[in-house]
Amino acid sequence: MRERKQLWVWVALLALLLAGCAAPAGDAGGIDSGQASAEAGQSADGEQIDVTLWMHEHPPRIALDEQLIQQFMDENPQIHVNYEVIPVSEYDLKLRTAMAAGSGPDLFNQWTAEIGQFYASDILAPLNAAAAGYADDAAVVANYDGGESLMAGIMFDDRLYGLPTEFSIYACYANDDLWAEAGLDPATDFPTTWEGLRDVAEQLTVHEDDTIVQRGFDFNWTWPGFMWLQFNPQVTQLGGYIVNDSDYSVAVDSPEVAQAMSYWTNWATEWDLGGPQYLGSRDAFLAGELAIECSFGNWGVPQMEEANINWSVHKAPRWEAAVNDNYLDLYAYYFMVNAQSDPNVQEAAWKLAGYLTSFPEEYFTEAGLFQSQVDFVNSDTFKNDPVMPIFLEQMRTSQFSPRIVAWNEVAEALAGARDRVVIGGEDLADVLPETDVEITRILERALADLGQ
Amino acid sequence: MNMRLRDGLNQSILTLIALFVAILFFFPIFYMVMTSFEAESNVFSNTVRILPQDFQGLRNYQRAFEIAPIARFFFNSAFMAVVDVIFTVFFCAMAGYGFAKFKFFGRNALFIFILSTMMVPFQILLIPLYVQIQAFGWADSYYGLIIPGLLNAFGVFMMRQFCLGIPDDLIDAGRIDGAGELRIFWNIALPLLTAPAASLAIIIFLWSWNNFLWPLVVVQSQEYITLPVGLTVFAQGFQRQPMWAAAMAVSVMATIPIMFLFIFFQRYFVEGMALSGMKG
Amino acid sequence: MNQRLIFSGWRIKQKRQLWGYLFVMPAVLFFAVFMLYPMINGIYLSLTTFTLLKPPTFIGLENFVDIFFRDRLFRQSVGVTISFVLGTTIPVWVLSLLIALLFYQRFPGREVLKSLFFMPLLPSLTVVSIVWLVLLNPSGLLTNLLFPLTGTRQIRWLSSIDLTPLMVIVVNNWTTIPFYMIIWLAGLSSIPPVFREAAMVDGASRLVSFWRVELPLLRPTAVLVAAVSTITAFQSFNIQYVLTPNHGGPVDSTTTLGILIWKYGFQFYRMGTAAAVSVVLFVVILLITMLQIKLGRSEEYTI
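Position labels on residues start from 1 in each chain and follow its written sequence. Chain A is the first chain written and ligand 1 is the first ligand written, with later ones labelled in order. Note on the predicted model: pLDDT of at least 70 is required for a residue's local features to be given, and 80 or more for side-chain atom pairs to be given and counted; whole-chain, interface and lining totals, by contrast, use all residues.

Visitor: Would you mind showing me how to read the overall build of chain A here?
Guide: Strands are runs of DSSP state E lasting at least 2 residues, helices are runs of H or I lasting at least 4, and numbering of each runs from the N terminus. Assigned secondary structure in chain A consists of 22 helices and twelve strands. Among the 452 residues that make up chain A, the fraction classed as buried is 46%. Residue pairs in contact within chain A that sit at least 24 positions apart in sequence constitute 74% of those at least 6 positions apart. Burial is judged by counting other C-beta atoms within 10 Å of a residue's own C-beta: 20 or more means buried, 12 or fewer means exposed, and anything between counts as partly exposed, with every C-beta placed from the backbone. Placing a C-beta atom from the backbone of each residue, one calls two residues in contact when those atoms lie within 7 Å.

And the structure:
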């Protein structure tokens, strides 16, 4: 008899366990139930709309975001915003995993490197200009200084898919003290060509015995993505390209790529001016061991101030034989809306995005983020800024790196090719054709994977 | 006499060698603790610095709490570890007992099935498991964080080994006395399993406390982030300077609970490790 | 009478069976739901193309053909993994045995020194990696300590393709040697002293007695240490993820298979390929485990 009783206890326990495993979404919310049940209750009324917004962590902007979101919710009581800040190092991973599981945010901030993949995967909703407070897409473009080139980063087939939260481009910073030690003045001597950069860098390089203790200039070798942001524009200046993002043609085995690539590899080998074996260029510049650095945006200034670097900012060099007048490549962050979200949620998300992108001055002064709204560019804040006019001038004639699928993988292939020559000592003439084939294959597969 | 002298000499040499080995292995830990008291600007320099030159007291620790909700990370890690330990020990003991002391159809097949899950690289499970947790509605919650780690194949295996050592006579005696199976398990088997259960508990605590990949993926909100994941934020330096001294302070705090376990339960600790053949 | 007895015997047996099921059922269900099911899904994913942002589509064995015949990164990663496995398993096996033998001796201060030696196994791999990030910084302690010897501060511990893989191995071995030493020590103390004494009486020297008597008795432990360290080395992920630039850099010189799976799955939007690599890794681990069972013949592994 007792055994039977025990049996029942076990059966009940098992049933509980099973129920626990199979519990649907709503039931599982014991711990975070407050929110979950509130959501369920309100959406049933058909009034409250919940918008989840994901933002990568940029500490100076958080307070401003929170304040503006609160204002937005006060003005739009039917919309509730869940604002989630995610550390930069985990942001891409989390966004991808969440999208894979169909649980991505409704509105998210993401940069141009990811946009090609997102667009090709049909997860981006086209901009709802009316909801964001504009007459149409053209009005949005007109609202931004340099809108034609800057909004090209989020345009596909003449349609916009987002609103910018930050435009950025790298410029070259000089460590004025190191220049002075070499008897040079950045204000007059800063090179305008890559050829000239080599001469200046040679004068700024300091040897101690056999080792270099101070470099004049060095590329940023640390992350393959810089092959897009630093290397690609060099190729474009010469009239060539790596990948064309409209027809996906690949031109790695070309004289333009060869010229840029030999410049990089000579830099590290023949000319012995730097290379991947040294401390990364940003860290080296902040440590006062590098006289010129070209992978900081305007956001680098506070770090330089903190490191007590006496800096000045200059436009990036071009080739003597340049045929295009672009500087380094542009990149930008945009608010984008998840095409999988409910239509009314999407509309609310665009409304929120339109609202949050109408405070360029606040975001610039408090968080150093540049949005190029015409009104703001004409304001005194912008005009009197010590660096921004130089950045904007560069932006107006520069291009975005191709917004292709497999952006990261192609960057790795490029960096791999570079390192085969620089570190492995292989012949550029062998490496480039092979890399051309490799990148072509990467793109073909990536497109095939997406059913295109 | 001569012999004794030689022994003494030998022993001193052994002590010296052991001292060298111990210092070699202990030093980075010591350095971690020292650096946690150092001023941020002194962490890297061009001089050999071991003891803090600009002693900060607990300021780095304080700063860590200001930068990130460390207390919350701590609670999450501890909560997850404790729940994992309780469930793992109980259910693994139960399963181990079942596999060791009952004959039923398919027993070996089921046991091999559980054992084989030990060989699966976690990366293969990551996405499918995440999708599944998402479907259950458990993503970004304690449920998603904790439930997939509640049981452990190694635990089942270990408990079965120890249950095999329980004499059948003892169990039969219980049955003859009219005790139910559950009572036999609870009153006879479990008390005999205390030592291995303690070892298992410590191992599971360690694994859970140190778990990195799954919490990294499954949780978004700060309220559910665990220590190992929260820690990496201090060392990342994208568009912002990493904070090494504070990172060392958090590292020390993350290691203290394990240190306590080690000091107070060294025997079980060592046994658990020796049995599991795996570090966290 | 007889029949009833048989019947009740059968009933007891049946009841026992039922109890057996009930005891193991929670665990079995758990592993079915949280291991088997996702694993089957994972294997299925290896037969698909899955870009994360779109639902997977079935493509048969193409991913496997791809990684074995066309994939430069996979080949490179296999090389990286094998050198990591060799660099961790063999030195760890030898050093942890030697240190275990050291601490198996009697000498003053043994317990204290042993406890200090154990310390590296306490912090998590994340903490370990971050501590070493500080030690191995270009302006960190190691550079400064070695400066009088090397005369240079330009040692890129973690940003050169030659040195970084070595440093990953050093850090890994630092935290795992104490751990395997515990296993050896457990094995050593399970050898009844009689054996050694017998050998000593025969006049064998300490070394010979160890080689001829103790080591053969330690065979299960030896195989266990070799197998477990090999398996964990093949799956290695955590240290590389935190310690190296760009998770597996520079230039993929520390991209082990564990990192490669991560990279394909989460950075390159190639979850299908990632799953295929995981399946390959699973098979390798399966083979090692089978080898271990065969070589070890330890009682623990008989079912």
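After that view, the rundown keeps rolling.
Visitor: What is the right way to read the confidence of the model for chain A from this model?
Guide: Should the pLDDT be low somewhere, the predicted coordinates at that spot are not to be read in detail. All names here are of chain A. pLDDT expresses how confident the predictor is about each individual residue, on a scale running from 0 to 100. Residues with a pLDDT of 70 or more make up 89% of chain A, whose mean pLDDT is 87. Segment residues 1-9: pLDDT under 50, and five contacts once partners within four positions in sequence are set aside and those in other chains are kept. Predicted confidence is poor over residues 11-44, with pLDDT under 50, and the contacts of this stretch with residues over four places away or in other chains come to 26 contacts.

Visitor: I'm lost on the sheet that holds strand 11 (residues 311-314) of chain A in this one. Help?
Guide: Residue and element names in this part refer to chain A. The pairing criterion is simple: DSSP has to find at least two bridges between the two strands. Taken in spatial order, the five strands line up as 8-9-10-7-11 in an open sheet, and their pairing is mixed. The strands lining the two open edges of the sheet, one partner per strand, are strand 8 (206-208) and strand 11. Strand-to-strand twist across the sheet, computed as the mean angle between neighbouring axes with direction ignored, equals 30°. In terms of strand pairing, strand 7 (residues 171-175) meets strand 10 (residues 290-296) through three bridges, oriented antiparallel. Each residue of the ladder has a partner; that of Ala 174, found in strand 10, is Ile 292. Convention adopted: a line fitted to C-alpha atoms gives each axis, helices being fitted over their contacting stretch, and angles between N-to-C directions are expressed from 0 to 180 degrees.

Visitor: Mind showing me how you'd approach the interface of chain C and chain B here?
Guide: It is common to give the size of an interface as the accessible area lost on bringing the parts into contact. At the junction of the two partners, chain C supplies 82 residues and chain B supplies 81 residues. No other element matches helix 1 (residues 2-45) of chain C, which puts 20 residues into the side of chain C that touches chain B.

Visitor: Help me understand the confidence of the model for chain C, please; the structure alone is not making it clear to me.
Guide: Residues and elements named next belong to chain C. The predicted model of chain C averages 85 in pLDDT, with 92% of residues at 70 or higher. The least confident element of chain C is helix 8 (residues 193-201), whose mean pLDDT is 69; the most confident is helix 3 (residues 72-104), at 93. In the model, residues 298-303 has pLDDT below 50 throughout and makes seven contacts with residues more than four positions away in sequence or in other chains. With a pTM of 0.83, the predicted complex shows an ipTM of 0.84.

Visitor: Help me understand helix 13 (residues 255-268) of chain A, please; the structure alone is not making it clear to me.
Guide: Side chains that are three or four residues apart share a direction in an α-helix, a result of its 3.6 residues per turn. Residues and elements named next belong to chain A. Each helix should span, by expectation, one fewer than its residue count multiplied by 1.5 Å. Helix length check: helix 13 (14 residues) gives 20 Å between terminal C-alpha atoms against 20 Å at 1.5 Å per residue, within 8%. All buried positions along helix 13 are accounted for by Glu 256, Val 257, Ala 260, Met 261, Trp 264, Thr 265, Trp 267 and Ala 268. The arc enclosing the buried residues of helix 13, seen along the axis, measures out at 155°, which places them on a common side. Where helix 13 is buried, its residues contact helix 12 (226-237), helix 21 (407-422) and helix 22 (428-449). The reported arc concerns the directions from the helix axis to the C-beta atoms and nothing else.

Visitor: In this structure, what is going on with the domain arrangement of chain A? I would like to understand it.
Guide: Residues and elements named next belong to chain A. Annotation of chain A at the domain level lists domain 1 (47-169 + 331-396) and domain 2 (171-327 + 405-449). Segmentation into domains, and thus their bounds, comes from an automatic or database assignment. Here the C-alpha centroids of domain 1 and domain 2 sit 29 Å apart. With 14 residues of domain 1 in contact, the opposing surface of domain 2 contributes 14 residues. Going through the elements one at a time, helix 6 (112-120), strand 6 (163-169) and helix 20 (388-396) are the ones with two or more residues in the side of domain 1 that touches domain 2. Just so you know the grouping, Ala, Val, Leu, Ile, Met, Phe, Trp, Tyr, Cys and Pro go in nonpolar, Asp, Glu, Lys and Arg go in charged, and all remaining residues, Gly too, go in polar. For the side of domain 1 that touches domain 2, the class distribution of residues is nine nonpolar, five polar and no charged.

Visitor: Mind showing me how you'd approach the nonpolar core here?
Guide: Within soluble globular proteins, side chains that are nonpolar generally end up buried alongside one another. Membership of the largest hydrophobic core comes to 317 residues, with the highest contact counts inside it found for Val 51 and Val 410 of chain A, Cys 92 and Ala 95 of chain B together with Ala 27 and Val 277 of chain C. With 15 residues, helix 3 (residues 70-101) of chain B is the single largest residue contributor to this core. Apart from the residues lying within four places of it in its own chain, the contact partners of Cys 92 of chain B are Leu 151, Asn 152, Gly 155, Val 156, Met 159 and Leu 200 of chain B together with Ala 27 of chain C. Think of a nonpolar core as buried Ala, Val, Leu, Ile, Met, Phe, Trp, Tyr and Cys residues, each tied to the set through C-beta atoms within 7 Å.

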